[in-house]
Amino acid sequence: MSTILRRLPPSEATGLRTGARHSLSELYRPADLVVLGLGVMIGAGIFSIAGQQAATTAGPGVILSFMIAGIASLLACLCYAELSSTMPTSGSAYTFTYVIFGEVWAWIIGWALILELQFAAAVVARAWGLITVGAIMNLGVRVPNPDLVADILVFVILVLLTGIVALGARIGLRALWVMVAAKLLAIGAVIVVGLTHLDADNFGEFYVPPKTLTTPPATVLEFLVGESHAFGWFGIFTAGSAIAFAYIGFDVVATAAEETVNAPRAVPRGMIRSLVIATVIYIAVALVMVGMVSYTKISVEAPLASAFRAVGVDWMAHVIDAGAVLGLTTVILVLIVGQTRVLFSMARDGLIPRGLASVSRRYHTPSRVTLVIGVVAIVLAEFVPVLTLQELVVIGTLFAFAFVAAGVIVMRRRMPHLERGFQVPLSPLVPALSLLATFWLMVNLGVMTWAWFALWMAFGLLVYLVYGRRHSLLARPRTALEPVRGRHRR
């Protein structure tokens, strides 16, 4: 059978509880999935993105931008929810694509997810190091060589969190609960204290007259339009595109499906609830940000901290620093978990070396692949200027979003008999709208981002042709499937 037509049978993806593919113990419950989602969606950006977008792109209308971004993200989340409820597997979009579209497309999505999660872990770790050093210095501590200290801190945090994930999902979950709770307390303090210093005049009429920028076009959309704009409705929607990137992460919840009790119902609820809660929190912080100080006076470098200083509440800067450090710590932890589960699934299917799919008898986790991911993250964070490659994380995510939305439409037609724990309402309208929203977000990315992404995918296809196509379990006789998978059972 042609590789492009070779699809994973639904029974192989959905028969997890028979032991054919399931080798990770059930751990997560609905509340745990919400914490998992909040752990990855709410990072340090919650304290800066609203102010930055208000000052440069949308003005007070940034609050509308957060609503628009939340709706766009919810459309994608609903599509993920249906496919996760039908195929509750650790492979997430990779496995969905394997069943619906075929092996080569599954590899492409898996390769995009590697780009998303692996680069994201390195990017966030590097940002964590810089923010932590800044927080220490804000306490009045003299740091002789900030760059060196940041390098050491990045190494330490990646080793620590990789070890936590490798030693057991239960340990990581407990640590995540503690850190997310502390992070939400810091954010709650920001919202409560900020609400007491709101000035209604700062909101104006939400709408700031548009203006044409003198900077040359950088994104695909700007090249198509021929010029760059800010403020007005164009600015509000453009800011919505940038803000939607802050919500990205709910898809990582789907990678925990194989380890979730009653996954067909729990995973959709966990994803949707975590996204809704995150959206409400982001809007609340944006309301505080815009309400405390006029958008024309916002400091782009430290928007929220400078706003609190402007109203005479200097001590809140330390709360924001603590929240930012905790926020990024949970993001790194969840990203390592998500990347581990995706690579574990790809290895189990033979598309990458199957040795990476082994599960530790002692810790009951895919510890081998976890250690590989940790080492790669350290190398990237320490030796590659990853902060300049942040958009590559985003384009990998959006590429998967597009296939998931299309997958809902195709699966409804090809496999209507499959049992679904959740169904996207108004299908195919909602998945089609999700595709349009994803396309809008993608054209707001830089042209160079698209070029680097094309090179990454071309390299990935070469890897597949050289290794994955020949070693895939679906390329072997049917009788060879079960014994190989049985080896990875706990």
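Please refer to the structure placed before this passage.
Everything quoted here is computed from the prediction, not taken from an experiment.

K.L.:
Just checking my understanding: could you explain the packing of helix 3 (residues 49-58) against helix 12 (residues 263-292) for this structure?
P.N.:
Axis angle and axis distance: for two packed helices, these are the angle between their axes and the distance between the axes, and together they describe the pair. Packing of helix 3 against helix 12 leaves a shortest axis separation of 9 Å and a crossing angle of 55°. With respect to helix 12, the axis of helix 3 lies oblique. Judged by the sense of rotation from one axis to the other, the crossing of helix 3 with helix 12 is right-handed. In this structure, helix 3 contributes Ile 49, Ala 50, Gly 51 and Ala 54 to the contact, and helix 12 contributes Tyr 282, Ala 286, Met 289 and Val 290. The residue inventory of the contact of helix 3 with helix 12, partitioned by class, reads seven nonpolar, one polar and no charged.

K.L.:
Is there a simple way to think about the environment of Ala 150 in this case?
P.N.:
Looking at where Ala 150 falls in the secondary structure, it is placed in helix 7 (residues 146-167). Relative accessible area serves as the criterion here: at 0%, Ala 150 is assigned to the buried category. With 149 residues separating them in the primary sequence, Ala 150 and Ser 299 have C-alpha atoms 24 Å apart. Not counting chain neighbours up to four residues away, the residues in contact with Ala 150 comprise Arg 126, Gly 129, Leu 130 and Val 133.

K.L.:
I would appreciate a short explanation of helix 14 (residues 316-348) in the present structure.
P.N.:
Taking 1.5 Å of rise per residue, 33 residues should cover 48 Å, and helix 14 covers 48 Å from first to last C-alpha, within 8% of that figure. In terms of burial, helix 14 is largely enclosed, as 29 of its 33 residues are buried. Gly 350 sits one or two residues past helix 14 and shows a positive phi near 85°.

K.L.:
Explain the packing of aromatic side chains to me, please; I cannot follow it from the model alone.
P.N.:
Here a ring pair, both rings aromatic, is described through the centre-centre distance and the interplanar angle of the planes. Under the defined criterion, the tally for this structure stands at 19 aromatic pairs. An angle of 35° between the planes, with centres 6.1 Å apart, marks the rings of Trp 105 and Phe 403 as tilted. Separated by 298 residues along the polypeptide, Trp 105 in helix 6 (residues 103-138) and Phe 403 in helix 16 (residues 390-414) bring together distant segments of the chain. Residue classification places Trp 105 among the partly exposed residues on the basis of a relative accessible area of 32%.

K.L.:
For this particular structure, what's the right way to read helix 15 (residues 367-383)?
P.N.:
Turn by turn, an α-helix covers 3.6 residues, leaving residues three or four places apart pointing in a common direction. Over its 17 residues, helix 15 runs 24 Å from end to end, which matches the ideal 24 Å to within 8%, given 1.5 Å per residue. Of all the residues in helix 15, the buried ones are Ser 367, Val 369, Thr 370, Ile 373, Gly 374, Ala 377, Ile 378, Leu 380 and Ala 381. Looking at the buried side of helix 15, the elements it contacts are helix 6, helix 7 and helix 14.

K.L.:
Looking at this structure, how should I read empty space enclosed by the protein?
P.N.:
Over the atoms rolls a probe the size of a water molecule, and in doing so it shows where empty space is left. For the structure shown, the criterion picks out three cavities of 30 Å³ or more. The calculated volume of the largest cavity comes to roughly 80 Å³. In terms of lining, the largest cavity is formed by Tyr 28, Leu 36, Val 165, Ala 169, Gly 172, Leu 173, Leu 176, Leu 333, Val 334, Val 337 and Arg 341. Elements that contribute at least two residues to the lining of the largest cavity include exactly helix 8 (169-195) and helix 14. Classifying every residue of the lining of the largest cavity gives nine nonpolar, one polar and one charged. Of the pockets and cavities examined, the second largest cavity occupies roughly 70 Å³. Surrounding the second largest cavity, Ala 72, Ser 73, Ala 76, Ala 244, Ile 248, Phe 250, Phe 401, Ser 434, Ala 437, Thr 438 and Leu 441 form its lining. The set of elements that each furnish at least two residues to the lining of the second largest cavity consists of helix 4 (62-86) and helix 17 (429-443).

Quick notes on the rules
Residues numbered from 1 in each chain as written. Predicted model: local features only at pLDDT ≥ 70, side-chain atom pairs only at ≥ 80, totals over all residues. Heavy atoms only, no water. Axes fitted to C-alpha atoms, helices over the stretch in contact; angles between N-to-C directions. Helix = DSSP H or I, 4+ residues; strand = E, 2+ residues; numbered from the N terminus. Parallel < 35°, antiparallel > 145°, perpendicular 65-115°, else oblique. Left-handed = near helix turned anticlockwise from the far one by under 90°. Contact = heavy atoms within 4.5 Å. Nonpolar A, V, L, I, M, F, W, Y, C, P; charged D, E, K, R; others polar. Buried < 20%, exposed > 50% of the residue type's maximum accessible area, 1.4 Å probe, protein only. Expected span 1.5 Å × (residues − 1). Phe/Tyr/Trp six-rings, centres within 6.5 Å; stacked < 30°, edge-to-face > 60°. 1 Å grid on protein atoms, 1.4 Å probe; cavity = no way out; pocket = protein on both sides within 12 Å on 5 of 7 lines; lining within 4 Å. Points joined across faces, edges and corners; volume = space filled by probe spheres on them.

Geometry only, nothing functional implied.
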